[in-house]
Protein chains: 2
Amino acid sequence: MTTIKELAKACGVSVATVSNILNNKGGASEETKQKVLKAAKEMNYTPNIVAKNLKMRNTRSIGVIAEDMTIFSIPDIIDGITQQCEEADYHILLTNLRLFKKHEDTYYHKQDYYEDVHKEIRKLQSKQVEGIIYISAHERVIKCIPEDIRIPAVMAYGYSDTAKIPSIVVDDEEGAYQLVSHLAAMGHKQIGVITGKKDSLHMQARLEGFQRALFDNSILFNPKFCMTGDWNRESGYSNTDALIDQGVTAIFCMNDVMAGGVYDRLEERGLKVGEDISIVGFDNREVSSYYKPPLTTTTLPLHDIGYKASEVMMGLLAHEELPEKEGIYKVPCEFLLRKSVGEVNE
Amino acid sequence: MTTIKELAKACGVSVATVSNILNNKGGASEETKQKVLKAAKEMNYTPNIVAKNLKMRNTRSIGVIAEDMTIFSIPDIIDGITQQCEEADYHILLTNLRLFKKHEDTYYHKQDYYEDVHKEIRKLQSKQVEGIIYISAHERVIKCIPEDIRIPAVMAYGYSDTAKIPSIVVDDEEGAYQLVSHLAAMGHKQIGVITGKKDSLHMQARLEGFQRALFDNSILFNPKFCMTGDWNRESGYSNTDALIDQGVTAIFCMNDVMAGGVYDRLEERGLKVGEDISIVGFDNREVSSYYKPPLTTTTLPLHDIGYKASEVMMGLLAHEELPEKEGIYKVPCEFLLRKSVGEVNE
DNA sequence: TTGTATGCGTTATCAT
DNA sequence: ATGATAACGCATACAA
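Remember, predicted model here, so these are calculated numbers, not experimental data.

Colleague: Looking at this model, I keep getting lost on the overall build of chain A. Mind explaining?
Modeller: Within chain A one finds 12 helices and 12 strands. Relative to the compact-globule value of 20 Å for 346 residues, chain A shows a C-alpha radius of gyration of 27 Å, a clear excess of over 25%. In terms of its C-alpha atoms, chain A occupies a principal-axis envelope of roughly 90 × 40 × 35 Å. Buried positions account for 55% of the 346 residues belonging to chain A. Long-range contacts, defined here as pairs at least 24 residues apart, represent 71% of the contacts in chain A between residues at least 6 apart. Looking at chain A as shown, the accessible area adds up to about 15,800 Å², and 50% of this sits on carbon and sulfur atoms. Of the side chains in chain A, 40 bear a positive and 50 a negative charge, and the two mean positions are spaced by 9 Å.

Colleague: I would appreciate a short explanation of the packing of helix α5 (residues 73-88) of chain B against helix α12 (residues 302-317) of chain B in the present structure.
Modeller: All names here are of chain B. Interhelical geometry of α5 versus α12 gives an angle of 40° and a closest axis separation of 6 Å. As far as their axial angle goes, α12 and α5 are oblique. Seen from above, α5 lies across α12 with right-handed handedness. Taking contact as the criterion, the partners of S73, D76, I77, D79, G80, I81, Q83, Q84, C85, E87 and A88 in α5 are, on α12, L302, H303, G306, Y307, S310, E311 and M314. A class-by-class count of the residues in the contact of α5 with α12 yields 7 nonpolar, 7 polar and 4 charged.

Colleague: Please clarify how the sheet that holds strand β2 (residues 91-96) of chain A should be interpreted in this entry.
Modeller: As summarised here, the arrangement of the 12 strands in space is β11(A)-β5(A)-β4(A)-β3(A)-β1(A)-β2(A)-β2(B)-β1(B)-β3(B)-β4(B)-β5(B)-β11(B), forming an open sheet in which the pairing is mixed. Across the chains shown, the open sheet's two edge strands, defined by having one partner strand only, are β11 (328-331) of chain A together with β11 (328-331) of chain B. Along the sheet, successive strands turn relative to each other by an average axial angle of 25°, direction set aside. Here 4 bridges tie strand β5 (residues 167-170) of chain A to β11 of chain A, and the two strands are oriented parallel to one another. What sits directly across from V170 of chain A, in β11 of chain A, is V331 of chain A.

Colleague: Explanation requested: the side chain of D283 of chain B in the structure shown.
Modeller: Residues and elements named next belong to chain B. Tracing the chain through its elements places D283 in the loop between β9 (278-280) and β10 (297-299). Judged by its relative accessible area of 11%, D283 is buried. A polar side-chain atom of D283 sits 3.4 Å from a polar atom in the side chain of R206. Residues in contact with D283, not counting those within four places in the same chain, are R206, N255, D256, T297, T298, T299 and L300.

Colleague: Please explain the relation of the copies chain B and chain A as it appears in this structure.
Modeller: Relating the two copies of this chain is a rotation about some axis coupled with a shift parallel to it. Of the transformation superimposing chain B on chain A, the axial component is 0.0 Å and the angular component is 180°, with the fit at an RMSD of 0.1 Å. Expressed as a symmetry operation, the mapping of one chain copy onto the other fits a two-fold axis. Considering only C-alpha atoms, the residue of chain B closest to the rotation axis is L93 of chain B, which sits at 2.4 Å.

Colleague: Sorry if this is basic, but what is going on with the protein's contact with DNA strand D here?
Modeller: I4 and Y45 of chain A together with S14, T32 and R57 of chain B are the nearest of the 27 residues found near DNA strand D. In the interface set of DNA strand D, defined as its atoms within 4 Å of the protein, sugar plus phosphate atoms amount to 71%. Here a phosphate oxygen of DNA strand D and a side-chain polar atom of N23 of chain A are 3.3 Å apart. Every element with two or more residues in the surface near DNA strand D is listed here: α1 (4-11), α2 (15-22) and α4 (49-56) of chain A together with α2 (15-22) and α4 (49-56) of chain B. For the surface near DNA strand D, the element with the most residues is α4 of chain A, which contributes 4 residues. A class-by-class count of the residues in the surface near DNA strand D yields 11 nonpolar, 10 polar and 6 charged.

Colleague: I tried to follow the interface of chain B and chain A on my own but got confused; where do I start?
Modeller: For interface size, the figure often reported is the accessible area lost on association. Facing the 49 residues of chain B at the interface are 49 residues of chain A. Both faces combined, the contact of chain B with chain A buries some 4,400 Å², and carbon together with sulfur accounts for 51% of it. Linking chain B with chain A are 12 salt bridges, by the criterion used here. Close ionic contact of K101 of chain A with D79 of chain B constitutes a salt bridge, the shortest N to O distance being 2.8 Å. Here chain B is connected to chain A by 28 residue pairs in polar contact (both at pLDDT 80 or more). Counting only elements with at least two residues in the side of chain B that touches chain A, the list comes to α4, α5, β2 (91-96), α6 (99-103), α7 (114-126) and α11 (256-268) of chain B.

Conventions used here
- Residues numbered from 1 in each chain as written.
- Chains lettered and ligands numbered in written order.
- Predicted model: local features only at pLDDT ≥ 70, side-chain atom pairs only at ≥ 80, totals over all residues.
- Heavy atoms only, no water.
- Helix = DSSP H or I, 4+ residues; strand = E, 2+ residues; numbered from the N terminus.
- Rg over C-alpha atoms; globule rule 2.2 N^0.38 Å.
- Buried < 20%, exposed > 50% of the residue type's maximum accessible area, 1.4 Å probe, protein only.
- Contact = heavy atoms within 4.5 Å.
- Areas by Shrake-Rupley, 256 points an atom, 1.4 Å probe, with all protein chains shown as cover.
- Lys, Arg positive; Asp, Glu negative; His and termini not counted.
- Charge placed at Lys NZ, Arg CZ, Asp CG, Glu CD.
- Axes fitted to C-alpha atoms, helices over the stretch in contact; angles between N-to-C directions.
- Parallel < 35°, antiparallel > 145°, perpendicular 65-115°, else oblique.
- Left-handed = near helix turned anticlockwise from the far one by under 90°.
- Nonpolar A, V, L, I, M, F, W, Y, C, P; charged D, E, K, R; others polar.
- Pairing = 2+ DSSP bridges.
- Polar contact = N/O pair within 3.5 Å; in protein donor to acceptor, adjacent residues only side chain to side chain.
- Least-squares fit on C-alpha atoms with pLDDT ≥ 70 in both.
- Near = heavy atom within 4 Å.
- Buried area = accessible area lost by both parts, 1.4 Å probe.
- Salt bridge = Lys/Arg side-chain N within 4 Å of Asp/Glu carboxyl O.

Just distances and angles here, no functional claims.
Following this line, the structure appears as structure tokens:
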């Protein structure tokens, strides 16, 4: 590997001059400038960023800790981060905890892995990253980032539970509000809901949005129309009958997957989605556009969450005053009108 | 940030002694050892890996260049890489080219982006990565890695077209062979196929596997049973009639998505999958298990490709003699028996 | 306009 | 068992 010292010797100038020329500091004569630049090209000089980092005491890199790359929410968030980082000329050091592969579907109730996270954060700090973004696979409160961390940290798709570590989350409440408002606008008054798991923050916020939409449309909230699901297709299927038999004309499924289960049961009962019964989902999973008819749903703004997380990180690095005092940034969903909602027949 | 020098001063010893103790070099007395370790803990000492890297002239890091994080094949491959890297104690510097977002679905026919790739490779080399893994989104020949690169490079899910840069690819031929052999074993002799795009290497290898399975089962290859699709659901749908009307009893769809289109058309024609017509797919996309009946298919070994790519990289870094002289590593698919194939009625 | 010298935090050599 | 010192490649204050 060519170094500036070798370049200097080859050109018969000092390292300082080479360094100045390479960094466009000016002060060098056009003649030596050309000579050095030419030699740099010929000798295929590549700057050693590691040495530069040591000298400059910064790395322009941030550590990204992902709970599990293979969970569908993560890649889009990373994509958003990388886009913003490219714009800001920052690089990413990726840590994939592989939590799902290691602990199955149960890790997020426990805290066994907090110790692992601390270890990874220490490693990243050793590598002199300037900040850390933690990407959760399922939105929830996560306190795996030590409060006394000496560099900025941001929680993407989860709640840090402290304003010192900003949290970037989905605006589930507003997303649900839009979906259910649409049902109301189409004349539905008997609206059932199949929720996600009770302990989920997504579920709680979506339920609040559901209730606010009912209230704003002067529709009574009937607890009997509120079935508890578990996010899986089967729980959509198994909760359909109770709702239909109570006479609902529309069902708000808190995710697209459960909506698939509802479609299945409705088909068995000879009921047509979008005509006899209206359905809306949540998440805009790829499959939902293949449902027959395609499902009206709302996008999870995963990319935007990543982008925002990175933006907030850049603000932290610049010691900017952040706009959200509470440290919670809600990123809006995008409503997707498709074919699964019909006008209600009076 | 605490440094070795500060530790040394606090303990009244030299930096050399501190360094030796911190790295378990031995030679220090138990007394000073304890003193230093205690101080390190108290002062929250974190080693500066950047300085260490500069001194040691290595970084134990590799650069990973992904064509686009949001394409389904990429995250699993990265997952495999991170798993192997964790075992080998290497870290990952991630570069997301975002090719799909930037150029839509056409980039892989052009070479416009080769210049970008070269730039990213230079950046990564500046950061002193010890090797580079390039992850393609669709298997094809890609010559975006300069041949004169000074560090090891590996092509994951694509062909580098040179033995110097090992290529890790899916064993499409064998995967297709197993699928079609299964159809033959169930008594099918009139087997149609809906291919992917003609210029795709996946398509060509799968076709070879298809033909070998026919040959081994003494079934004539009828070119009229070979319909050209384009990987999209619609092309499965639109090619179904021609096949059915010619009397095939089974269809090999070269991906699960097109198989979905075949299901659609079959349902319209009142034909039952797994009874009237047997279908097999390819890729094991998540949706395929929700098809009714669930689709018999084969997994794309994406995770294994990443893992293998990283393993090969470690071999390169250790200057090992690699097993595959041609530099092409074929990773096996895993056959998935579900419900879409029935025995043929004579 | 150019060169000298110093230091970033670490490891390693060679004394003591 | 411990310490003084050089070196890794670079940027920079200051001198020339």
